[in-house]
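The chain contents come next:
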Amino acid sequence: MSKLIAASMLALMLELLLSIHSAVADDWPQWRGPKGDGNYNEPGLFAQLPDGGLPQVWRADCGYGYAGPVVAAGRVFLFEYVKTSGEITNLPSRRDELEGQERLRCFDVKTGNEIWSSEYDRSYSVSYPGGPRATPTVAGDYVVTLGVEGDLMCHRASDGQRLWHVNFRDKYGVETPIWGHSASPLVMGDRVVATVGGKDALAVAFDLKTGAEQWTALNADEPGYCGPTTLDYRGEKSLLIFYPLGVAALTPTTGAVEWTAEIRPKFGMSIATPVQSENRLFVSGYGESMMMTLGESPQQNSIDWRGKPNTSVYASNATPYFGAAENAIFGCDIETSELMGVDSNTGERLWETKAATLADPDARRPRHGTAFIVRHTASGKYLLFNESGELIAANMSRDGYDELWRDKLVEPTSDAFGRPVVWVHPAFAEGCVFARNDKEIVCNRIEE
């Protein structure tokens, strides 16, 4: 009887531990995490790098892509391109012509075994044509992707069956931007919101189950490259759209414009997601940035400051992080390639370093140095995945950058501005980091 009681107690304890883990565990189902805010909420993180580096759980071959992996309900979803012909030159102003297939794949999160794949033929005519840019979005049994040439698709997550497909050129007459459609779709309730770029249809909401158009909003000559995100203030959620002419808040159910603020990045490069801290919003693009305070009504919104030479941070493909506790913004500057800390009240630069962004910190006039920034909420530490394929754990504050450890996860298989790069945001879930380049996706443990 005592052995039976002990066994029952052990089983109860294991069940309790598993339930605690599941209660604090998060999926990573969309761009920048479960809430799209760049926070990784699971409890554990290696304080020091283990001997031999972060333990690799599995790896799998993959195709070209800038789109990050996502993790949901025990599965990993990866969007990629299989090139069959054409040359990749990666010249910023030249459209390369490729033939091949865009492919969505689903893997088992524990083993890396492929569960299903779905592909379709797609020719490319874009600069930097090395695969899809937009990270997939998973909501329940739906997974939504946006391809380089404007193919918005919804698949059933459980078995890969294609449910619906809308092409932006065919339906809205949209010319593909020179760097391809890059805006990760956003799911809010029963609708998918996408940055499309059509006349009076810069932003469009589609029915999640059918793909039917629900509403259209805004107008601009080009869509930019930033996906829709949510603005959560005064207990209400709005849609936030950052595009080449400004930033706009929309009512999610109707697309009605609640307010707009002008900001015009160079070359239409509205790329980095605006970041919010309570009633403050930081918007950053190539050559332009601003800090807003959101008032009790849209009429009471104010612009606290705009970036000036040698102030603020001007972000490109890596979204900054707004550290509320530190009263600072941490981000990578497009012109200097420096990771920097910026005073959120004034825009003053507090510190700068290239140690986290570039393989060669002494490189002469490098641009677009990249490190994707995620905050580990339990420890307050930051995880940075840089363009060299390294994962870095660091403390960042107003006082500076303090690196704790770094480990190489993948090789940089693409190139930009004469240097090898991997420009892909990783996913963090199940106590692991999921990173990819143009040849492989890897899963490494980061939790003690």
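Residues numbered from 1 in each chain as written. Predicted model: local features only at pLDDT ≥ 70, side-chain atom pairs only at ≥ 80, totals over all residues. Heavy atoms only, no water.

Here we take up the sheet that holds strand S15 (residues 213-217). Here we have four strands laid out as an open sheet, ordered S12-S13-S14-S15, and antiparallel in their pairing. Edge positions in the sheet fall to strand S12 (186-188) and S15, since each of these pairs with one other strand and no more. Averaged over neighbouring strand pairs, the angle between their axes works out to 30° when direction is ignored. Pairing of strand S13 (residues 191-198) with strand S14 (residues 201-207), which is carried by six bridges, proceeds in the antiparallel orientation. Following the sheet pairing, Thr 195 is matched in S14 by Ala 203. (Pairing = 2+ DSSP bridges. Helix = DSSP H or I, 4+ residues; strand = E, 2+ residues; numbered from the N terminus. Axes fitted to C-alpha atoms, helices over the stretch in contact; angles between N-to-C directions.)

Attention now moves to unusual backbone geometry. The phi dihedral of Asp 200 falls on the positive side, at around 55°, and the residue is not glycine. Following the sequence through the fold, Asp 200 ends up in the loop between S13 and S14. A residue is classified by how much of its surface remains accessible, and Asp 200, at 44% relative accessible area, is partly exposed. Although it is not a glycine, Asn 310 adopts a positive phi angle of roughly 65°. Tracing the sequence through the fold places Asn 310 in the loop between strand S23 (302-306) and strand S24 (321-323). (Buried < 20%, exposed > 50% of the residue type's maximum accessible area, 1.4 Å probe, protein only.)

Another point: a negative patch on the surface. Together, Glu 97, Glu 99, Glu 119 and Asp 121 line one region of the surface with negative charge. Sorting the residues of the negative patch by element identifies strand S5 (96-108) and strand S6 (114-121) as the ones contributing at least two each. (Patch = residues over 30% accessible without salt bridge, like charges linked within 9 Å, V, L, I, M, F, W, Y side chains within 5 Å. Areas by Shrake-Rupley, 256 points an atom, 1.4 Å probe, with all protein chains shown as cover. Salt bridge = Lys/Arg side-chain N within 4 Å of Asp/Glu carboxyl O. Lys, Arg positive; Asp, Glu negative; His and termini not counted. Charge placed at Lys NZ, Arg CZ, Asp CG, Glu CD.)

A separate point is the confidence of the model for the protein chain. The predicted coordinates should not be examined in detail at positions where pLDDT is low. Counting all residues, the mean pLDDT for the protein chain is 94, and 94% of those residues have values of 70 or more. Low confidence marks residues 1-24, where pLDDT is under 50. Its contacts with residues over four positions away, or in another chain, come to four contacts. (pLDDT = per-residue confidence, 0-100. Contact = heavy atoms within 4.5 Å.)

This brings us to the pattern of salt bridges. In total, this model carries 24 salt bridges according to the counting rule given. Across the pair Arg 95 and Glu 175 runs a salt bridge, and its minimum N-O distance is 3.7 Å. Of the two residues, Arg 95 is situated in the loop between strand S4 (75-85) and S5 and Glu 175 in the loop between helix H2 (168-172) and S12; the sequence distance between them amounts to 80 residues. Among the residues examined, Glu 175 registers a relative accessible area of 57% and is labelled exposed. The closest approach of N and O atoms between Glu 335 and Arg 367, which form a salt bridge, is 3.6 Å. One end of the pair, Glu 335, is in the loop between strand S25 (328-332) and strand S26 (339-343); the other, Arg 367, is in the loop between strand S27 (349-353) and strand S28 (371-376), and 32 residues separate them in sequence.

On to the sheet that holds strand S16 (residues 229-233), then. Strand order in the open sheet formed by four strands is S16-S17-S18-S19, with antiparallel pairing between adjacent strands. Each having just a single partner strand, S16 and strand S19 (257-262) make up the two edges of the open sheet. Neighbouring strand axes in the sheet, compared pairwise and without regard to direction, differ in orientation by 25° on average. By the bridge criterion, five bridges tie strand S18 (residues 246-250) to S19 in an arrangement that is antiparallel. Residue pairing for S19: Val 247 is matched across the bridge by Ala 261.

Let's shift gears to the packing of aromatic side chains. This structure, assessed with the given rule, holds 15 aromatic pairs. Ring centres of Phe 77 and Trp 116 lie 6.1 Å apart, and the angle between their planes is 55°; on these two criteria the pair is classed as tilted. Taken together, the residues span a long stretch of sequence, with Phe 77 in strand S4 and Trp 116 in strand S6 at a distance of 39 residues. On the basis of relative accessibility, which here comes to 1%, the residue Phe 77 falls in the buried class. Taking the centre distance of 6.4 Å and the plane angle of 75° together, the rings of Tyr 172 and Phe 206 count as edge-to-face. Of this pair, Tyr 172 sits in helix H2 while Phe 206 sits in strand S14, placing them 34 residues apart in sequence. (Phe/Tyr/Trp six-rings, centres within 6.5 Å; stacked < 30°, edge-to-face > 60°.)

Attention now moves to the pairing of strand S17 (residues 236-243). Counting buried residues along S17, six of its eight residues qualify, which places the element largely inside the surrounding structure. By the bridge criterion, five bridges tie S16 to S17 in an arrangement that is antiparallel. Paired with Thr 229 across the two strands is Leu 240, which belongs to S17. Linking S16 to S17, which pair antiparallel, is a turn of two residues; within it Arg 234 sits at a positive phi near 60°. Bridge analysis of S17 against S18 gives five bridges, and the strand direction is antiparallel. Across the sheet, the residue bridging to Phe 242 is Val 247, located in S18. The turn joining S17 and S18, which pair antiparallel and follow one another in sequence, is formed by two residues.

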